[in-house]
Every structure is written in C-alpha cells, then in structure tokens.
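# Remarks on the overall topology
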Amino acid sequence: MSNPYIPQWFEIPAADLSRAMSFYSVTLSVPLEAREFAGNQIAVFPREQPGEPSGCLIQGEGHSPSPDGITIYFASRPDLAIPLQRVEGAGGQVLVPKTPIGPEMGFFALFEDTEGNHVGLFSPE
C-alpha cells in the first residue's frame, strides 16, 4: 500500500526574512522569490514542475523560529557535503556532520540556520 499523504508544502519560520533568504540562497544555491501572502512576508523555494513539493521561508505573526519544531530534510544530489560546506560561511552552524544512515540508505546531516531552526540534508551518497 502506498502512502497517499506525501508532504506537499513546508514553511520555515524566519525572524529576518532577508537574512534567511541570503542563508538559504547561499547554502542550497537556489534563488528564492520574495512576496507577500496573507499578511506575511514569504520567500518561495523554486520547483521544476507545477505540483511538485515546495515550500517557503515565512516571516509574520504566529511564525516563530525554533530549534524545537519539526525538522525538514532537503534532498541533496549528488552529495549533501556540497551544501553542508556552505552552512557556516552563510551564518549557520553544522550540528551533525555528514553521517551514514545505514547500508545502502544514504547519509544525513543537520544544521542550524540563521534563524535558529534545525534543518536537515539527505543524500544517497
């Protein structure tokens, strides 16, 4: 049985949207598009095809950065070591270095962004 509930959208809280945009643009090497939505300032992560999962950085009432929230893992291909090397230079902190998950399961790492959120990376190699 397949899982019909696949995450489609995520929101990463930011206290300073410009600072968070700079961090993620540098770390993940992706352009972010800033806009206003429902009274909040957001910066949307790109997607290649309509309907693909995506998300945003969000600054506004009710959206507080925290190391205690859920953890989002970004898939990194081919190797998470590449964006992980950019974390500290962009103002974040590596919390868990590239770590094997298990035989043939890939690798993960964990970092703290400039806003205090804990975010992960995953790669098959």
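The structure reproduced in this document is the subject of the present report. These figures come from a predicted structure and were not determined experimentally. (Residues numbered from 1 in each chain as written. Predicted model: local features only at pLDDT ≥ 70, side-chain atom pairs only at ≥ 80, totals over all residues. Heavy atoms only, no water.)

With that settled, the discussion passes to unusual backbone geometry. A cis amide bond, omega 5°, links Arg 77 with the succeeding residue Pro 78. By the element assignment, Pro 78 lies in the loop between β5 (72-75) and α2 (81-84). For Ala 38, which is not glycine, the phi torsion reads 50° and is therefore positive. Summarising the element assignment, Ala 38 is placed in the loop between β2 (33-37) and β3 (40-44). One non-glycine residue with positive phi stands out, namely Glu 104, at about 60°. Mapping Glu 104 onto the fold places it in the loop between β6 (93-102) and β7 (106-112). With relative accessibility at 86%, the residue Glu 104 sits in the exposed group. (Helix = DSSP H or I, 4+ residues; strand = E, 2+ residues; numbered from the N terminus. Buried < 20%, exposed > 50% of the residue type's maximum accessible area, 1.4 Å probe, protein only.)

Attention shifts here to the packing of aromatic side chains. This structure, assessed with the given rule, holds seven aromatic pairs. Between Phe 23 and Tyr 24, the aromatic rings sit 5.0 Å apart at their centres with planes inclined by 90°, giving edge-to-face as the arrangement. You'll find Phe 23 and Tyr 24 in the same group, each marked buried. Between the aromatic rings of Phe 23 and Phe 111, the centroid separation amounts to 5.7 Å while the plane-to-plane angle is 55°, which identifies the pairing as tilted. On the criterion of sequence distance, the pair formed by Phe 23 in helix α1 (residues 17-28) and Phe 111 in strand β7 is long-range, its members being 88 residues apart. Note on Phe 111: relative accessible area 0%, which makes it buried. An aromatic cluster is built from Phe 10, Phe 23, Tyr 24, Phe 45, Phe 74 and Phe 111, whose rings are joined through pairwise contacts. The residue whose ring lies beneath Lys 98 is Phe 107, and the NZ or CZ to ring-centre distance is 4.6 Å. (Phe/Tyr/Trp six-rings, centres within 6.5 Å; stacked < 30°, edge-to-face > 60°. Lys NZ or Arg CZ within 6 Å of the ring centre and 35° of its normal.)

Applying the stated criterion to the full structure yields three salt bridges. One salt bridge in this structure joins Glu 33 and Arg 35, with 2.9 Å as the shortest N-O distance. On the basis of relative accessible area, Arg 35 is assigned to the partly exposed category, the value being 40%. (Salt bridge = Lys/Arg side-chain N within 4 Å of Asp/Glu carboxyl O.)

Moving on: the sheet that holds strand β4 (residues 54-59). Consider a sheet: its strands pair through backbone hydrogen bonds, and that pairing is either parallel or antiparallel. If you trace the four strands from one edge of the open sheet to the other, you get β1-β4-β3-β2, paired in mixed fashion. Looking at which strands have only one partner, the edges of the open sheet turn out to be β1 (9-13) and β2. Across this sheet, the average inter-strand angle for adjacent strands is 30°, counted without regard to direction. One ladder, built from four bridges, connects β3 with β4; its direction is antiparallel. Opposite Ile 42, over in β4, you have Ile 58 as the bridge partner. (Pairing = 2+ DSSP bridges. Axes fitted to C-alpha atoms, helices over the stretch in contact; angles between N-to-C directions.)

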